[in-house]
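Listed below, chain by chain, are the residues.
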Amino acid sequence: MRAFVLYFVGFLIIYIYNGRICPFVSDLPAWQIGFIVFIPLAVGYMARTILFAQLVLKQKLTVQASFVGWIDFSIFIVAGLGMLAFNTIVYGFPFVESGLKVFMGTFTVGFFVAIDLALQHNRNVMQMSDSMKWTYSLPQVYYPITTKFFFFGTVTIVLFATLIIAVVTRDLFLLSSMPVRISQLHIMLTRKSIIIDIAFIMLVLLGFIVNLLYSYSLNLRMLFKAQTGILERVTEGDMDEFVPVMTSDEFGVIAGHTNTMITGLRDRIRMMEGLKVAGEMQQTFFPKKRVEYEGLDIAATSIFSDETGGDFFDFLEGLGDAQDETVVVLGDVTGHGIGAALLMATTRAYMRMQAEYEHSPAPLLSNTNTLLARDCYGTGRFVTLFCLQLSGEQRQIKWASAGHDPAFVFDANTQEFRELKAHGLPLGVLPDTKYEEVCCDSLRSGEVMLIGTDGIWEATDSEQNMFGKDRLKAVIRENYNQTSAGILHAVANAVKDFRGEEPQLDDITIVVLKAE
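In this text, all values refer to a predicted model and were calculated from it rather than measured experimentally.

J.: Any details on the pairing of strand β7 (residues 416-420)? Residues and values, ideally.
T.: In this sheet, β7 lies alongside strand β6 (residues 407-411) in antiparallel orientation, the contact comprising five bridges. Residue F408 lies in a different strand from β7, and its bridge partner there is E419. Linking β6 to β7, which pair antiparallel, is a turn of four residues; within it Q415 sits at a positive phi near 60°.

J.: So what's going on with the sheet that holds strand β8 (residues 437-442)? Which residues, and what values?
T.: Read across the open sheet, the five strands follow the order β2-β3-β4-β5-β8; overall the sheet is antiparallel. A single partner strand is all that each edge strand has here, and the edge strands are β2 (311-319) and β8. When the angles between neighbouring strand axes are averaged without regard to direction, this sheet yields 15°. Sheet contacts for helix α8 (residues 337-355): β2, β3 (325-333) and β4 (383-391); angle to β2, the most-contacted strand, approximately 15°.

J.: Can you explain the nonpolar core? Please cite residues and give values.
T.: In this structure, L365, L385, L388, L420, M449, I451 and L513 are the most contacted members of the largest nonpolar core, which totals 51 residues. Here L365 is in contact with M351, L385, C387, A400, S401, A402, L427 and Y435, once residues within four sequence places are set aside. Of all hydrophobic cores here, the second largest spans 48 residues; its members include I14, V68, F103 and A114.

J.: Can you explain helix α11 (residues 484-499)? Please cite residues and give values.
T.: In this model, α11 (16 residues) spans 23 Å end to end at C-alpha, consistent with the 22 Å of a helix rising 1.5 Å per residue. Buried within α11 are the following residues: S484, G486, I487, L488, A490, V491, A492, A494, V495, F498 and R499. Tucked into the core, α11 has its buried residues touching β1 (296-303), β9 (447-452), α10 (468-479) and β10 (508-515). Two residues or fewer after α11 comes G500, characterised by a positive phi angle close to 65°.

J.: Please set out a nonpolar patch on the surface residue by residue, giving values where relevant.
T.: A surface patch of nonpolar side chains, about 960 Å² in accessible area, is lined by W31, F35, F38, I39, V43, M46, F86, I89 and V90. Elements supplying a minimum of two residues to the nonpolar patch: α2 (30-54) and α3 (61-91). For the nonpolar patch, the element with the highest residue contribution is α2, accounting for six residues. Secondary-structure assignment places I39 in helix α2.

J.: Pulling in residues and values, what's your account of the side chain of S401?
T.: For S401, the location among the structural elements is in strand β5 (residues 396-402). Polar contacts involving the side chain of S401 include one to the main-chain carbonyl oxygen of H404, which spans 3.0 Å. Every residue in contact with S401, bar those within four places of it in the chain, is listed here: L365, L385, F386, A422, H423, G424, Y435 and E436.

J.: Lay out the side chain of S302 in plain terms, naming residues and giving numbers.
T.: For S302, the location among the structural elements is in strand β1. Separated by 2.7 Å, the side chains of S302 and T509 make a polar contact. Once you skip the residues sitting within four places of it in the chain, S302 turns out to touch F286, D311, F312, F313, I508 and T509.

J.: Tell me what's going on with the state of the cysteines, and back it up with residues and numbers.
T.: Enumeration over the complete set of coordinates arrives at one disulfide. The disulfide that involves C439 links it to C440, with 1.6 Å between the sulfurs. In this structure C376 is a free cysteine whose sulfur lies 18 Å from that of C387, the closest cysteine sulfur available. Unpaired in terms of disulfides, C387 finds its nearest cysteine sulfur in C439, a separation of 13 Å.

J.: I'd like to hear about the environment of N122, residue by residue, with values.
T.: Summarising the element assignment, N122 is placed in helix α4 (residues 95-127). With near-sequence residues (within four places) excluded, N122 lies in contact with A65, N219, M246 and T247.

J.: Give a description of the packing of α8 against helix α9 (residues 361-376) that names residues and reports values.
T.: Their axes nearest at 9 Å, the elements α8 and α9 cross at an angle of 140°. Our classification of the angle between α8 and α9 gives oblique. Like other packed secondary-structure pairs, α8 and α9 cross with a definite hand, here right-handed. Contacts between α8 and α9 involve L343, T346, T347, Y350, M351, M353, Q354 and A355 from the first element and L364, L365, N367, T368, L371, L372, D375 and C376 from the second. When its residues are assigned to classes, the contact of α8 with α9 shows ten nonpolar, five polar and one charged.

Cut-offs and rules
Residues numbered from 1 in each chain as written. Predicted model: local features only at pLDDT ≥ 70, side-chain atom pairs only at ≥ 80, totals over all residues. Heavy atoms only, no water. Pairing = 2+ DSSP bridges. Helix = DSSP H or I, 4+ residues; strand = E, 2+ residues; numbered from the N terminus. Axes fitted to C-alpha atoms, helices over the stretch in contact; angles between N-to-C directions. Contact = heavy atoms within 4.5 Å. Core = buried A, V, L, I, M, F, W, Y, C linked by side-chain atoms within 4.5 Å. Buried < 20%, exposed > 50% of the residue type's maximum accessible area, 1.4 Å probe, protein only. Expected span 1.5 Å × (residues − 1). Patch = residues over 30% accessible without salt bridge, like charges linked within 9 Å, V, L, I, M, F, W, Y side chains within 5 Å. Areas by Shrake-Rupley, 256 points an atom, 1.4 Å probe, with all protein chains shown as cover. Salt bridge = Lys/Arg side-chain N within 4 Å of Asp/Glu carboxyl O. Polar contact = N/O pair within 3.5 Å; in protein donor to acceptor, adjacent residues only side chain to side chain. Disulfide = S-S within 2.5 Å. Parallel < 35°, antiparallel > 145°, perpendicular 65-115°, else oblique. Left-handed = near helix turned anticlockwise from the far one by under 90°. Nonpolar A, V, L, I, M, F, W, Y, C, P; charged D, E, K, R; others polar.

As structure tokens, this is what we get:
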């Protein structure tokens, strides 16, 4: 319906234009002027119906509007050429003084009608966006809105200037063709005619421009509604829909990037859900109950920097013939995230399996390393681990280390620290590594042992100062008279206070044993 109305309006404007602007056409009867304009436009409109069904509807949705615009513009161009040819052949009107003026009028009307119908078709397609198959990726060709407005403004100015020149030259031609002397009355009439013609052209162009601006604003409103509607759903957590990429301008680019963002958010949410499940599963690997060993107060914790971590601790209880031996294990896997968590679970499983046959620290580490080296070969990952064995009522200890920092033992009587050192490569580096086992020592009454990971002493503040082992020893010295859990919390809080607003960059694991 809109196409019919615009073609009819175009007919009226071109009819009036030809009768006023062209000095030769204006001499024809009104019905002949109407006949010359009506026939090519009527034929063009019928051809448009056929082309729309056979050509436009078979194109991709994103280019249909462009095809509509070019088809309508081409119809008006052909119609203008048909008028020009008819006037030249049948009536013998001159090509420049008559034909070009007629053609420019048809060209101008066709330019505005084509743009309006293209915008209207774009709206029709957008209204069916829910039922149409759109692309959701970035537009392959980019035409900025600023470029479109610049092109439209430039063409409009050129057309206006051309039509004004046509008006002036028409009246000058009429004046020059008068056989009698030009009077003041003729000049006044010519001036009046020029003003009327210019006012007619300005009103027509202004009407077309206002109509196109309104039409384009409707398109922008629909695009904005589609964009904001999807974003509102995203803010509510619904990420099942995407923004249709319906244009090749800034709105199309924004829609494409919005869809990329939605895809990224969906992947991120799935990953976070997976990490949450992995973190929950990893927590099941830690001891479920407080470990009890006669004469010792034991506490342990792991504080991850991510959803999952690579630090771990474990207590292998009831070992030995008398079932009075316990192995304390504390490890630190390189890296963070899922990879470290998987390697941590594998290490824990290997150690528990090997402890069934040999739970002395050095052989336990060697056997576990043999299995783990096969898994870690070529990955660059490894595990540092401290292994401590507690035996009997005397709380005798022996230990081995796989590249881990030594444990600290604080003697409350002497106020001195000693370190439980041992040599050995991290687990997973070389399959045939042998580990040093240090024996024998014991935890005497009032002594406090702390085994930790480097996330404690390598924590940094806002000025990149490290917490360090001296601060750790100071915290132990200040809180040795508390329970093992109290000492553990004092260390964790001291590290947190030292870090301040800085993020936790590494996992922190602490095991505290206090001899009663």
